[in-house]
Amino acid sequence: MKKDFKNHMVESLELPKDLVYRAAIVTVMGNRELLLENYKGILEYEKEYIRIQAKSCRILVRGKNLNISYYTNEEMKITGIIQSIEYE
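In this text, all values refer to a predicted model and were calculated from it rather than measured experimentally. (Residues numbered from 1 in each chain as written. Predicted model: local features only at pLDDT ≥ 70, side-chain atom pairs only at ≥ 80, totals over all residues. Heavy atoms only, no water.)

A. Region of interest: the nonpolar core. Counting residues in each nonpolar core, the largest one holds 14 residues, and the members touching the most others are L36, I52, V61, M76 and I78. For this core, the elements supplying multiple residues, two or more each, are β2 (33-37), β4 (49-54), β5 (58-71) and β6 (75-87). When residues of this core are assigned to their parent elements, the largest contribution, four residues, is made by β5. Beyond its immediate stretch of four places on either side in the chain, I78 contacts R32, E33, L34, I50, I52, V61, L66, N67 and I68. (Core = buried A, V, L, I, M, F, W, Y, C linked by side-chain atoms within 4.5 Å. Buried < 20%, exposed > 50% of the residue type's maximum accessible area, 1.4 Å probe, protein only. Helix = DSSP H or I, 4+ residues; strand = E, 2+ residues; numbered from the N terminus. Contact = heavy atoms within 4.5 Å.)

Pasting the structure below:
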């Protein structure tokens, strides 16, 4: 019931879902660039994979020659050849 009430309030007030649910926003441009918003930290960082702790899940990016081009407290940009994105 509490979850239904929250969903109803979010819809009624037209609140941004990413803020309310603390959801990660993943924007992928082709297979060469990924922008990730709303993350907490980097758990593992290798050329073949990057594991990130988001606020509500873990995200595993697999590929070749992966590189974190930049990161701030709220977003990061990953470049390289992105082969897959997994949510854990």
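Anyway, onward from the coordinates.
B. Region of interest: the side chain of R51. If you trace the backbone, R51 turns up in strand β4. For R51, a relative accessible area of 17% translates into the label buried. Here E44 takes part through its side chain, which lies 2.3 Å from a polar atom of the side chain of R51. In this structure, R51 is in contact with I42, L43, E44, I59, L60 and E88, ignoring residues within four places of it in sequence. (Polar contact = N/O pair within 3.5 Å; in protein donor to acceptor, adjacent residues only side chain to side chain.)

C. Spotlight on the pairing of β5. As paired strands, β4 and β5 are joined by five bridges and run antiparallel to one another. What sits directly across from Y49, in β5, is R62. Counting the residues in the hairpin turn of β4 and β5 gives three residues. Of the pairings in the sheet, the one linking β5 to β6 comprises ten bridges and is antiparallel in character. Along β6, the bridge assignment pairs I68 with I78. Connecting the antiparallel pair β5 and β6 is a turn made up of three residues. (Pairing = 2+ DSSP bridges.)

None of the figures reported here should be taken as evidence of function without further support.
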